[in-house]
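# Notes for the structure review
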Amino acid sequence: MEFKSKNLLSKIATNDGHGENSPYFDGWKAYDSNPFHPTQNPHGVIQMGLAENKLCVDLIQKWIRENPDASICTAQGVDKFNEVAIFQDYHGLKEFREAVAKFMGRVGGNKVTFDPNRIVMSGGATGANETVMFCLADRGDAFLVPSPYYAGFARDLRWRTGLEIVPVDCKSSDNFRITTAALEDAYEKARTWKVNVKGIVISNPSNPLGTILDRDTMRSIVGFVNEKNIHLVCDEIYAATAFRSPRFISIAEIIQEMDNCNPDLIHIVYSLSKDMGIPGFRVGIVYSFNDNVMHCARKMSSFGLVSSQTQYLLASMLLDDEFVVNFLRESSKRLAKRHHVFTKGLEQIGISCLKSNAGLFLWMDMRPLLKEQSLKGELELWHVIINEVKLNVSPGSSFRCSEPGWFRVCFANMDDETVEVALDRIRAFVLGRENQEPNKSKHRRKKCLRLSFSSSRLYDETIMSPHIISPHSPLVPTKT
Ligand SMILES: Cc1ncc(COP(=O)(O)O)c(C=O)c1O
């Protein structure tokens, strides 16, 4: 008997909103089919497309070892098992909300006190962003999002909500700053398209730029949303990754200072995925200054609560002042060092990056290496970098950057030895050609290099089978 399969599933289930079919899947296929290992696969692809923070795992492990009673699945903590395991109130454990509010305050430089009663849980910032969208807008409405922006926004803000993103093009000539002119431009464009703009979503610090918003820019964005009477959602997931001055400023601090600001328009999304390096714990937070949004988000949080076991553990960890102070200090130090090693390594071979002081990545300027200044030119270079240099970096177009030639390079998801291998590979890529043509100008030499590289491979390469399927959803990593 033959079954009809058409229209068995919903539009959401069958549309492409998850974004899994993007060409960037190639990068993940390349990595998954040939992952680098220092001894077992030294010529494999190095994963530089994952914004993971692995630099302070040891500190968390040490704390867990020293505090076995904080885990309910240990001999020391098991007496609490029953109490914690049956807990399912969507307000969350009181201690957890207090601990997170305190942590957010500390990350923001103790300039603002966050109210534990406004802490709403969600499944990571992914869930938190979607929850806020569900609270603020209806299918067909739009949010302005300064570009380049986090690739996952295209899914998290749009897929299940049916919302639209209107990019706000930020230019390298402005150091990718968010200008009022660019905001006005996008807003007006949306209006001519007859799209109802409900707000702006920003990530501060920025993924993929690694920059933080300055006070004046934040004030002008707050002024803009007040004037238009639209919302501002600030994704502050990278708040504690600011490793050098100027310091990170939370939007909460800005609205505290501004007299003529309607706080009902302001909402923060937070998560411990990046600042603590624990994305697997799925701790996302919605913090809204709008009571109605806060209550609605809390009801919706039933769909993405943080497990009580995780809440219990983190409450204990984050209320340990000595640990938190030391963790944040050490994390900044290690991020700064890693950032320095990478930027210096690239600088020595003439590759510059956007000046940054936060995040887990660099925004690398490869424009001089493009064969042509176009999306095609960018993707061509990207394929060489993945397939021949064997680095899975992310092209700017995956962040909807309007200028070709920028690449995001993650630097905190690997150990020191892998960093050296990655830098050696980039060096070999860029300098190999220069040595062959010493009389050419630097710029010219770089241009020639990209042409030659594909014919003279530096590394043994097993031809990638096009039908190798990733064991993981590629979108799990690509979102980061
Ligand atoms: C700006 C931004 N928001 C949200 C997320 C999703 O984070 P989470 O793992 O907490 O869902 C990411 C992950 O990379 C991100 O970069």
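These numbers were taken from a predicted model, which means no experiment stands behind them.

About the cut-offs
- Residues numbered from 1 in each chain as written.
- Predicted model: local features only at pLDDT ≥ 70, side-chain atom pairs only at ≥ 80, totals over all residues.
- Helix = DSSP H or I, 4+ residues; strand = E, 2+ residues; numbered from the N terminus.
- Buried ≥ 20, exposed ≤ 12 C-beta atoms within 10 Å, placed from the backbone.
- Contact = placed C-beta atoms within 7 Å.
- Core = buried A, V, L, I, M, F, W, Y, C linked by C-beta atoms within 7 Å.
- Domains from an automatic or database assignment.
- Pairing = 2+ DSSP bridges.
- Right-handed = clockwise from strand over helix to strand, strands pointing away.
- pLDDT = per-residue confidence, 0-100.
- Expected span 1.5 Å × (residues − 1).
- Arc of directions from axis to C-beta.
- Axes fitted to C-alpha atoms, helices over the stretch in contact; angles between N-to-C directions.
- Parallel < 35°, antiparallel > 145°, perpendicular 65-115°, else oblique.
- Left-handed = near helix turned anticlockwise from the far one by under 90°.
- Nonpolar A, V, L, I, M, F, W, Y, C, P; charged D, E, K, R; others polar.

Scanning the protein for helices and strands turns up 17 helices and 13 strands. Counting the 480 residues in the protein, one finds 44% classified as buried.

Moving on, we get to helix α12 (residues 308-318). With eight of its eleven residues buried, α12 lies for the most part within the structure. Along α12, the positions that sit buried rather than exposed are Gln-311, Tyr-312, Leu-313, Leu-314, Ala-315, Ser-316, Met-317 and Leu-318. The inward-facing, buried residues of α12 contact α3 (57-66), α4 (81-85), α5 (94-107), β8 (283-288) and α13 (321-347).

Take the nonpolar core next. Among the nonpolar cores identified, the biggest contains 127 residues, and Val-269 and Met-364 are the most heavily contacted of them. Top contributing element to this core by residue count: α5, with seven residues. Taken together, domain 1 (17-52 + 328-478) and domain 2 (69-319) each give at least three residues to this core, which thus spans both. Beyond its immediate stretch of four places on either side in the chain, Met-364 contacts Leu-346, Ile-351, Cys-353, Trp-406, Phe-407 and Val-409.

Another point: the pairing of strand β6 (residues 231-235). Taken residue by residue, a regular strand's side chains alternate between the two faces of the sheet. Taken across its five residues, β6 has five buried, putting it largely inside the fold. Here β6 shows a buried face lined by His-231, Val-233 and Asp-235 and a second buried face lined by Leu-232 and Cys-234. Sheet topology note: the strand β5 (residues 197-203)/β6 ladder contains five bridges and is parallel. For Ile-202, the partnering residue across the bridge sits in β6 and is Cys-234. Handedness of the crossover joining β5 and β6 through helix α9 (residues 215-228): right-handed. The sheet contact formed by β6 and strand β7 (residues 266-271) spans four bridges and is parallel. Within β7, the position partnered with Leu-232 by the bridge is Ile-266. Of the crossover connections in this fold, the one passing from β6 over helix α10 (residues 251-257) to the parallel β7 is right-handed.

A word on the confidence of the model for the protein. For the protein, per-residue confidence averages 89 on the pLDDT scale, and 87% of positions sit at 70 or higher. Long-range and interchain partners of residues 443-479, a stretch whose pLDDT sits below 50, account for 59 contacts in this model, where long-range means more than four residues apart.

Taking 1.5 Å per residue as the helical rise, α9 with its 14 residues ought to reach 20 Å, and the 20 Å between its terminal C-alpha atoms agrees with that figure. Among all positions in α9, only Met-218, Ile-221, Val-222 and Val-225 are buried. Axial view of α9: buried residues confined to an arc of 100 degrees, hence all on one face. Pointing more than 90 degrees away from the buried face of α9 are the exposed residues Asp-216 and Glu-227. Considering only its buried residues, α9 is in contact with β5, β6 and α10. Taken from the residues just after α9, Asn-229 is the one with a positive phi, measuring 55 degrees.

Contact pair α5 / α12: the axes reach a minimum separation of 8 Å and the direction vectors enclose 45 degrees. Considering the angle they form, α5 stands oblique to α12. Crossing angle aside, the handedness with which α5 passes α12 is left-handed. The segment α5 lies against α12, with Glu-95, Phe-96, Ala-99, Val-100, Lys-102 and Phe-103 engaging Gln-311, Leu-314, Ala-315 and Leu-318. Class assignment of the residues belonging to the contact of α5 with α12 gives a composition of seven nonpolar, one polar and two charged.

What follows deals with the sheet that holds strand β2 (residues 119-123). In space, the seven strands of this open sheet follow the order β2-β8-β7-β6-β5-β3-β4, with mixed pairing throughout. Since the sheet does not close on itself, it has two edges, and those belong to β2 and β4 (164-169), each with one partner. Strand-to-strand, the axes of this sheet are offset by a mean angle of 25 degrees, without reference to chain direction. Of the strands in this sheet, β3 (142-147), β4 and β5 are in contact with helix α8 (residues 180-192), which crosses β4 at around 145 degrees.

So, on to the sheet that holds strand β10 (residues 361-365). If you trace the four strands from one edge of the open sheet to the other, you get β9-β10-β13-β12, paired in antiparallel fashion. Where the open sheet ends on each side, the last strands, each with one partner, are β9 (352-353) and β12 (394-395). For β10 and strand β13 (residues 406-410), the ladder comprises five bridges, and the chain directions are antiparallel. Residue pairing for β13: Leu-362 is matched across the bridge by Val-409.

How two helices pack is summed up by the angle between their axes together with the distance between the axes. Close contact between helix α6 (residues 124-136) and helix α11 (residues 291-300) brings their axes to 9 Å; oriented N to C, the two are set at 125 degrees. The angle between α6 and α11 places the two elements in the oblique class. Pair α6 / α11 crosses with right-handed handedness. Two secondary-structure elements touch here, α6 through Thr-131, Val-132, Phe-134, Cys-135 and Leu-136 and α11 through Val-293, Cys-296, Ala-297 and Met-300.

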